[in-house]
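Residues per chain are reported as follows:
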Amino acid sequence: APGFSSEKQLTFNVDHGYLEGLVRGMKAGILTSTDYHNLAQCDTLEDMKLHLQSTDYGKLLSSSEEDLTVSLVDSKLRANLVTEFSCLRSNALPPLSTFLDYITYSYMIDNVVMLITGALKQRDVAELLPRCHPLGAFDQMAAVGIARTPTELYSAILVDTPLAPFFQDAVSESNLDEMEAEILRNKLYKAYIESFHSFCKNIGGVTADIMCPVLEFEADRRTFIITVNSFGTELSGADKSALYPSCGKLYPEGLRLLAKAEDHEQVKAVANCYPEYKLIFDDPEPGADFKTLEDRFFEQEVKLNMLAFLQQFHFGVFYSYVKLKEQESRNIVWIAECVTQRQKSKIHNYIPIFPGTH
Amino acid sequence: MSSLLRGEEMCLAQLFLQSGSAYDCISELGELGLVEFRDLNPSVTAFQRKHVNEIKKCEEMERILVFMYCIITSLAHSLSLSLCLQEQLQRLEVELGEVTRNKEKLQRNLLELTEYTHMLRITRKFVQRTAEVSVSLCNLHPHFFISGLIQRVKIEAFERMLWRVCKGYTILSYAEVEEYLENPDTGEPTKCVVFLISYWGDQIGQKVKKICDCYHCHVYPYPSSNEERNDVVEGLRTRIQDLHTVLNRTEDYLRQVLIKASESVYTWVIQVKKMKAIYYILNLCSFDVTNKCLIAEVWCPVNDIPTLRRRKSGATVPSFVNRIPTSDTPPTLIKTNKFTSGFQNIVDAYGVGSYREVNPAPFTIITFPFLFAVMFGDLGHGVIMAVFAAWMVLCENNRKLKNTRNEIWNTFFEGRYIILMMGLFSIYTGLIYNDCFSKSLNIFGSGWSVKAMGWTKEQWENNRFLTLDPNVTGVFKGPYPLGIDPIWNLASNRLTFLNSYKMKMSVILGIIHMSFGVILSTYNYLKKYNLYLVFLPELLFLLCLFGYLVFMILYKWLAFSAKDSRHAPSILIHFINMFLMQGDGLQPLYPGQTGLQIFLVVIAVLSVPVLLLGKPVYLYWLHNGSHRLGLYRRVRRNSEEELYLMRAHDMEEGSSHSDLSSSGENPTEEFDFADELLHQAIHTIEYCLGCVSNTASYLRLWALSLAHAQLSEVLWAMVMRVGLRMDSTLGVLFLVPVFGLFAVLTVSILLVMEGLSAFLHALRLHWVEFQNKFYGGTGVKFCPFAFSLLPSSFEHDGLL
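Everything quoted here is computed from the prediction, not taken from an experiment.

Q: Hey, could you run me through the overall build of chain B in this one?
A: Across its full length, chain B holds 26 helices and 9 strands. By residue count, 44% of the 800 residues in chain B fall in the buried class. For chain B, the accessible surface area stands at approximately 44,000 Å², while carbon and sulfur atoms represent 60% of it.

Q: Looking at this structure, I do not really get the overall build of chain A. What am I missing?
A: Scanning chain A for helices and strands turns up 15 helices and 0 strands. Residues classed as buried in chain A amount to 53% of the 358 residues present. Taking the contacts inside chain A whose residues are at least 6 apart along the sequence as the reference set, 65% of them involve residues at least 24 apart. Carbon and sulfur atoms make up 53% of the accessible area of chain A, which amounts to about 16,400 Å² in all.

Q: Is there a simple way to explain unusual backbone geometry in this structure?
A: Negative phi characterises most residues that are not glycine, and trans characterises most peptide bonds. The linkage connecting Pro94(A) with the following residue, Pro95(A), adopts the cis geometry, with an omega of 5°. One can find Pro95(A) in the loop between helix H4 (70–91) and helix H5 (96–120). With a phi angle near 60°, Arg356(B) is a residue other than glycine that sits in the positive phi range. Topologically, Arg356(B) is positioned in the loop between helix H10 (340–350) and helix H11 (361–376). Positive phi, normally seen in glycine, also occurs at Ser438(B), with a value near 70°. Relative to the helices and strands, Ser438(B) is located in the loop between helix H15 (416–433) and helix H16 (457–462).

Q: Any chance you could explain the pattern of salt bridges here in plain terms?
A: Pairs can form between side chains of opposite charge whenever their charged atoms are close. Tallied over the entire structure, the rule returns 31 salt bridges over all chains. One salt bridge connects Arg24(A) with Glu20(A), and the closest N-O pair in it is separated by 3.0 Å. In this pair, Arg24(A) and Glu20(A) both sit in helix H1 (residues 2–27), 4 residues apart, roughly one turn of the helix. Here Arg24(A) falls in the partly exposed class, since its relative accessible area comes to 24%. Note on Glu20(A): relative accessible area 2%, which makes it buried. Between Arg38(B) and Glu297(B) there is a salt bridge; the shortest N-O distance is 3.0 Å. The exposure classification of Arg38(B) matches that of Glu297(B), with both residues buried. Within this structure, Asp110(A), Glu182(A) and Arg185(A) form a network of salt bridges that share partners.

Q: Can you walk me through the interface of chain B and chain A in this structure?
A: Many authors give the size of an interface as the accessible area that is lost as the parts come together. Taken together, the contact between chain B and chain A spans 19 residues of the former and 25 residues of the latter. Of the roughly 1,900 Å² buried between chain B and chain A on both sides combined, carbon and sulfur atoms contribute 59%. Here Arg164(B) and Asp160(A) are joined by a salt bridge, their closest N and O atoms 3.3 Å apart. Joining chain B to chain A, the criterion identifies 2 residue pairs in polar contact (both at pLDDT 80 or more).

Q: Mind showing me how you'd approach the UniProt feature "transmembrane region" (unreviewed entry) in chain B here?
A: Residues and elements named next belong to chain B. The UniProt record marks residues 370–394, 415–433, 505–526, 533–555, 598–621 and 731–753 with the feature "transmembrane region" (unreviewed entry), using the residue numbering of this structure. Structurally, residues 415–433 comprises 95% helix and 0% strand, and the distance from its first C-alpha atom to its last is 26 Å. Summarising residues 533–555: 100% helix, 0% strand, and an end-to-end C-alpha distance of 31 Å.

Q: So what exactly am I meant to see when it comes to helix H2 (residues 33–40) of chain A here?
A: Side chains of residues three or four places apart in an α-helix project in the same direction, reflecting 3.6 residues per turn. Turning to H2(A), its buried residues number three or more, namely Asp35(A), Tyr36(A), Asn38(A), Leu39(A) and Ala40(A). For H2(A), the secondary structure elements touched by its buried residues are helix H3 (45–53) and helix H15 (316–340) of chain A.

Q: What's the story with the side chain of Gln771(B) in this structure? I'm lost.
A: Mapped onto the elements of the fold, Gln771(B) is located in the loop between helix H25 (730–770) and helix H26 (793–796). Apart from the residues within four sequence positions on either side, Gln771(B) is in contact with Val347(B), Tyr350(B), Pro360(B) and His766(B).

Q: When you look at the pairing of strand E8 (residues 293–301) of chain B in this model, what are you seeing that I'm missing?
A: Where a strand is regular, its side chains alternate between the two sheet faces. Residues and elements named next belong to chain B. Taking burial as the measure, the 9 residues of E8 include 9 buried ones, the bulk of the element. Going residue by residue along E8, you find Cys-293, Ile-295, Glu-297, Trp-299 and Pro-301 tucked away on one face and Leu-294, Ala-296, Val-298 and Cys-300 tucked away on the opposite face as well. As paired strands, strand E2 (residues 36–37) and E8 are joined by 2 bridges and run antiparallel to one another. Within E8, the residue paired with Phe-37 across the bridge is Val-298. Examined bridge by bridge, strand E7 (residues 286–287) and E8 share 2 bridges and lie antiparallel to one another. Of the residues in E8, the one forming a bridge with Phe-287 is Leu-294.

Q: Sorry if this is basic, but what is going on with the pairing of strand E1 (residues 10–18) of chain B here?
A: Residues and elements named next belong to chain B. Of all 9 residues in E1, 7 are buried, a share of seventy percent or more. Of the strand pairs in this sheet, E1 and E8 are connected by 9 bridges, and their pairing is antiparallel. Opposite Gln-18, over in E8, you have Cys-293 as the bridge partner. Relative to strand E9 (residues 320–324), E1 is paired through 5 bridges, and the arrangement is antiparallel. In the sheet register, Phe-16 faces E9, and the bridge partner there is Phe-320.

Q: Which parts of the structure should I look at to understand a nonpolar patch on the surface?
A: Among the surface-exposed residues, Leu572(B), Ile573(B), Ile576(B), Leu580(B) and Leu586(B) lie close enough to one another that they form a single nonpolar patch of about 450 Å² accessible area. Structurally, the position occupied by Ile576(B) is in helix H19 (residues 571–580).

Q: Is there a simple way to explain helix H8 (residues 178–203) of chain A in this structure?
A: The terminal C-alpha atoms of H8(A), which comprises 26 residues, lie 37 Å apart, in line with the 38 Å expected from a rise of 1.5 Å per residue. Looking one or two places after H8(A), you find Gly204(A), whose phi comes out positive at around 70°.

The rules behind each value
- Residues numbered from 1 in each chain as written.
- Chains lettered and ligands numbered in written order.
- Predicted model: local features only at pLDDT ≥ 70, side-chain atom pairs only at ≥ 80, totals over all residues.
- Heavy atoms only, no water.
- Helix = DSSP H or I, 4+ residues; strand = E, 2+ residues; numbered from the N terminus.
- Buried < 20%, exposed > 50% of the residue type's maximum accessible area, 1.4 Å probe, protein only.
- Areas by Shrake-Rupley, 256 points an atom, 1.4 Å probe, with all protein chains shown as cover.
- Contact = heavy atoms within 4.5 Å.
- Salt bridge = Lys/Arg side-chain N within 4 Å of Asp/Glu carboxyl O.
- Buried area = accessible area lost by both parts, 1.4 Å probe.
- Polar contact = N/O pair within 3.5 Å; in protein donor to acceptor, adjacent residues only side chain to side chain.
- UniProt positions renumbered as here; feature names shortened; annotations may be inferred.
- Pairing = 2+ DSSP bridges.
- Patch = residues over 30% accessible without salt bridge, like charges linked within 9 Å, V, L, I, M, F, W, Y side chains within 5 Å.
- Expected span 1.5 Å × (residues − 1).

Following this line, the structure appears as structure tokens:
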């Protein structure tokens, strides 16, 4: 009801105004197209460091004794995001705190699956742990490798973590192998994204207006990626449709068609029925740069997340900020990678954020 | 004085620096702090400039210094750090880094050993307890132990997971360590728990080990027999002793290294900061054609050029200073001292004056505190304020007061001279208003006598109010020598009397202030026609209308005495009638009043079209009309071509001024009548309406002074009088808290709050009512390159 939501908006600032202000301030520090232009002109990582000093990153890179490498840049950027996020999280009140926790769950799922696949390849836990995303860190993380089956994983290790509710459909007795781990990831993700979607819907108001399209897009993106990646595996249509999140715009008809799809053309045919996805699957214009499907999805995601900042009194800005900042880290790492490998021609393949702002 | 009034005369100078000595020259200039460098390579981005590498090295050194500073403070040691600075610093860093790493390793080792001893001690108890129970089991299966330490917060989750994973094939017993052990990662003291797990079977053993890893347990080997245990304990004790001695040695060594370094840390920090600043300046310079010389362009006060030349020729390698002509507007420099700087800041906060524009600051020194005091007039409050400010002035060299990080205090401290002047002027106006904490002082004896009225006893008793009549001889013996007569403090019509006085006074002060502003504008007019076509009509408009109002006020004060005060006319009615050009029904103030008033109104009305059209039409005529001026313009154009050639020459040298000098186009070249007319129309409307509204605005002087007086009177009546009314001996004791409350409220409300409000209104009267009559404030402040003004990142780290 609109009356209810406007009342919520009235009192929004009492609990969450400070954090919203904070996150909007931090959003103003997101690199602009001029910054990217300058970064792309750099010849060494040292130059990049010098330039980043004039941005909100400040002394982030210059305060270390070690030599600058791309992985160091990556971990520093990540640590920076985690610092910002934990500042937000520690000041948050419910329901914003729950909302922020939901953001971390996706990183937790990725960490669990990475640890399982690592354990299958007989890697040492101590070697794997630093590679986990710090936003999805939890106490029981290191014990994940003990589990042999998803059931064991659930009942012994993850039952105390917030991931437990997502295990409802994922419990099975089959041995964990790489394929099974991937299926587990997608099942967990499906449960997670559906739960997040309904959580946002329950909050209602502007938060639902902003977050639902973003999460629906996320669900559909996963559906497309699962379908494209399943070509050439023994996954049956029914198996696939068990992995598709059912909260997206593709639900239900698109999902049914995608489960049957067997090559790229069929996927494209499905996407053509949805104007927002038609663009992504369109053939690139002759002369334009070739972009991977992943990049096109990223571009679309950035666009959606930018829209979140156009409205006030909602939680969407927090999600969008984290996602945009993550994209920014990917961009900087991409440019840094191109700079160190002297691949100047590919340097412009980053995904610009807020292209119009200065 | 002329520099304070108009700002320093500036010139653009070119410095030719030999590349070998450029660094020394710039360092010398930084010590002098006389010149502002212009960026000659604005198109080159920050990381493509010539001395980027040197700047990077400086940053590296800064980082090392910050690192050293961290170590030094962690040892709580006072520290202080030569040329070939970089090598020395790097050597020191390596040394320090190694020693601290060693130290950390040793400390960690020590911690592990302590943990091990704790574990052995505690597990012994477990074994004694469980021995009887597990005897029978021992015989059936091989029996293994894992033992170690875990943080107390994690033990519960640990136990639960152990149970779930091993399905009960383990026995866990644990006990808390009484002491706090240091957490090796964070360094915080934490409570730990010693645990002992006994299990059967190899497979479970692996799982248990993994779970232990997961919860970051510190696992130590568990001795299987009592003899072994005793051996281990004995071994540990000796090793801990050894470690303690090694640790002590390391700390001593570290201390020695740091003491050596601390002798010169501060000078190193300053040197690095200076080096970095110099390389930044070198990046602003461009090379000449031969690449042997650096060229720098600087803004410099004309008076300081000889000083500059002298210093330059003193350097070992000669360098040259050339004055170059320019069409760019130079930055504004107004030299201040500690007294004038506060007032200059008030003016600069509104806008930095354009180059050579008249500077209101010297007049502000007097008018600002005066207008403040008109609103704040109270002798007592003024004395408190002046004493506080005088204390700050006397203690201005006290480092503790100077270097605080309290922003509010710094604001007060920076404005100590302003506050002092405000306090002194408040004492003066307090004397004039005869107000001291809302009471009047009877210093010279009142000029009024009650006795002369000859009231009878009956009259005294039956009337609550009695009127003193100045017309009765002997009652009014002449005015009080200074300010308001103290008898008014008792009068019931005091407010009516003071209101009329203060209102008229604020109008008089306002019109004098504004007229002064208009007169100051003559200093800004470079062309003579402005004087006749702008200044004259402005002044006539102001004086004919509002100047005449002031005249009427003064005339009424002088012309009417107590005798004929009943016939005194209302100035307001007369003033309104002046505009309506009627007034036949009223008795004139003086003969010939109507004629003079009509004359004044006509002049004021006529000055409006002169102000509106005069300047644009004259400029239009100048532009299109006379033939003689065409010649003049051709001459101008020649000089312009020269300028153009010069600029082109500069461009060949690789220093484009295009974006700097684009604003310097010649106005005569692009004369637009419509533009000029519009501009003048806006100015006219603003000025004429402004005269009316600004005069009204000065009434805030009256309003605030009234508010201040009333507030202090209310405070006296509501607080002090309550205490003074108690006539028992207890009243004396009661007076103590009452006076405390009175003092606190006086300072917090009357001094701080009222003071801030009066300050704000005085600021507004200066910025809006006074400065808009003449002050543009569109200049750029001169920022000289001086080491003393260097901002420093070290300050944020608390190093200096």
